[in-house]
Amino acid sequence: ASVVALVPAAGRGVRLGADAPKAFVAVGGVPMVRLAVDGLLASGAVDRIVVMVPPEFVAGAVALLPPSDSVDVVVGGAERTDSVRAGIAAAPNASYYLVHDAARALTPPALIARVAAELRAGHPAVVPALPVVDTIKSVDAEGVVTGTPERARLRAIQTPQGFAADLLRAAYAADLVATDDAALVERLGARVRTISGDPLAFKITTPLDLRLANTLLGHPAG
Ligand code: C5P
């Protein structure tokens, strides 16, 4: 039963304010997409990796990724959902998919292995989750608070998110957009299991995140 990791790396990274797409920004001197792929390989839990990048970055991605028959680069899409859909199409024979953001470049390989192990144990949808530290509120279009969900019942969701392949394909058959893959699977009524996430699996999104990641890798100056 083959485990295929799909790595969305086609975002423009507007919030990071860098001049390259986010996945190609270096952290500790190494592009985030390379760190993410190295982590997946180090987990020992993945048979094949498909990386989705902007069209003009395909050749560049091939050059900076480890030369391996099990790593492929394909063109992503305008929305993250489109990028994942392109990855699924490039790996139609998978038994399981792990969808893992390139921007979560410091994700410990052990977390990746735990998600894969839960899939193999028979859970069809598995996501890493952490308690939230801030109180989260919903707001209306004017920014006026409309509600405060009970914090103890909220989780921040990370990647890799693991799915039985048939389930993820079914979720992507509907032409919907979501900010994570589990949301599409939830719409089908499937049970999504959470496991303990890892603070190091944070998504490098803002300039502060980039400083934190560089510091953690011993390159405080970038
Ligand atoms: O924008 P966000 O932070 O949610 O992006 C999460 C991941 O999805 C990033 O690794 C980004 O490169 C990827 N992405 C993508 N295709 C898009 C938008 C985002 O692969 N069109």
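Every chain is numbered independently, its residues counted from 1 as its sequence is written. Under the rules for a predicted model, residues below a pLDDT of 70 receive no local features and side-chain atom pairs below 80 are neither given nor counted, while totals for whole chains, interfaces and linings still include all residues. Side-chain metrics rest on all non-hydrogen atoms present in the structure, leaving aside hydrogens and water.

Visitor: Explain the overall build of the chain to me, please; I cannot follow it from the model alone.
Guide: Strands here are runs of E lasting at least two residues and helices are runs of H or I lasting at least four, both read from the DSSP assignment and numbered beginning at the N terminus. Secondary structure summary: the chain contains 7 helices and 12 strands in total. Taking 17 Å as the expected radius of gyration for a compact globule of 222 residues, we find that the chain reaches 17 Å, a close match to that expectation. In terms of its C-alpha atoms, the chain occupies a principal-axis envelope of roughly 50 × 45 × 30 Å. Three labels apply to residues, based on accessible area from a 1.4 Å probe with only protein chains included: buried if under 20% of the type maximum, exposed if over 50%, partly exposed otherwise in between. Buried positions account for 45% of the 222 residues belonging to the chain. Note on definitions: a residue-residue contact is assigned when non-hydrogen atoms from the two residues lie within 4.5 Å. Restricting the contact set of the chain to residue pairs at least 6 apart, pairs at least 24 apart contribute 69%. Areas reported as accessible are Shrake-Rupley estimates using a 1.4 Å probe. Residue values count occlusion only from the protein chains shown. For the chain, the exposed area adds up to about 10700 Å²; of that, 55% sits on carbon and sulfur atoms. Restricting the calculation to C-alpha atoms gives the radius of gyration, and the globule rule supplies 2.2 Å times the number of residues raised to the power 0.38.

Visitor: What is the right way to look at the site of the ligand in this model?
Guide: Any residue with a non-hydrogen atom lying within 4 Å of a molecule or strand is treated as near it. Looking at the ligand, there are 15 residues lining it, with Pro8, Ala10, Arg15, Gly77 and Ser83 nearest. Whenever a nitrogen or oxygen atom comes within 3.5 Å of another N or O atom, the pair is scored as a polar contact, on the condition that within protein one atom can donate a hydrogen and the other can accept it, and that pairs from neighbouring residues in sequence are kept only if both atoms are in side chains. Contacts to the ligand include alanine 9, whose backbone N or O atom sits 3.2 Å from an oxygen atom. Burial of the ligand by the surrounding chains reaches 86%, relative to a free accessible area of 460 Å². Per-class residue counts for the shell around the ligand are 6 nonpolar, 3 polar and 6 charged. When residues are grouped by polarity, Ala, Val, Leu, Ile, Met, Phe, Trp, Tyr, Cys and Pro land in nonpolar, Asp, Glu, Lys and Arg in charged, and all others, Gly among them, in polar.

Visitor: What is the right way to look at the pattern of salt bridges in this model?
Guide: A side-chain nitrogen of Lys or Arg and a carboxyl oxygen of Asp or Glu constitute a salt bridge if their distance falls within 4 Å. Summed over all chains, the structure comprises 10 salt bridges. We note a salt bridge from arginine 34 to aspartate 38, for which the minimum N-O separation is 3.0 Å. Linking arginine 34 with aspartate 38, this pair stays in helix H1 (residues 32-43), spanning 4 residues, or about one helical turn. Taking relative accessible area as the criterion, arginine 34 reaches 25% and is therefore assigned partly exposed.

Visitor: I tried to follow the environment of alanine 164 on my own but got confused; where do I start?
Guide: Inspection of the secondary structure assignment puts alanine 164 in strand E11 (residues 161-164). Residues contacting alanine 164, with those up to four places away along its chain left out, are Ser95, Tyr96, Leu119 and Pro124.

Visitor: Even after reading the chapter, I still don't get the pairing of strand E4 (residues 48-53), so can you show me in this structure?
Guide: On a regular strand, each side chain points to the face opposite its neighbour's, so the side chains alternate between the two faces of the sheet. Summarising burial for E4: 5 of the 6 residues are buried, a large majority. The sheet contact formed by strand E1 (residues 3-8) and E4 spans 5 bridges and is parallel. What sits directly across from valine 4, in E4, is arginine 48. When E4 meets strand E5 (residues 71-75), the two strands line up parallel, connected through 5 bridges. Paired with valine 51 across the strands is valine 73, a residue of E5. With helix H2 (residues 58-64) bridging E4 and its parallel neighbour E5, the resulting β-α-β unit is right-handed. The rule for pairing is simple: two strands pair if DSSP sees at least two bridges between them. With its strands directed away from the observer, a crossover is right-handed exactly when the path from the first strand over the helix to the second travels clockwise.

Visitor: I'm lost on the side chain of threonine 159 in this one. Help?
Guide: Within the secondary structure, threonine 159 sits in the loop between strand E10 (155-157) and E11. Residue classification places threonine 159 among the buried residues on the basis of a relative accessible area of 3%. Engagement of the side chain of threonine 159 in a polar contact is seen with the side chain of histidine 100, the distance being 2.8 Å. Engagement of the side chain of threonine 159 in a polar contact is seen with the backbone nitrogen of aspartate 101, the distance being 3.1 Å. Not counting chain neighbours up to four residues away, the residues in contact with threonine 159 comprise Arg80, Val99, His100, Asp101, Arg104, Thr107, Leu111, Pro128 and Ala201.

No statement about biological role is implied by the geometric values presented.
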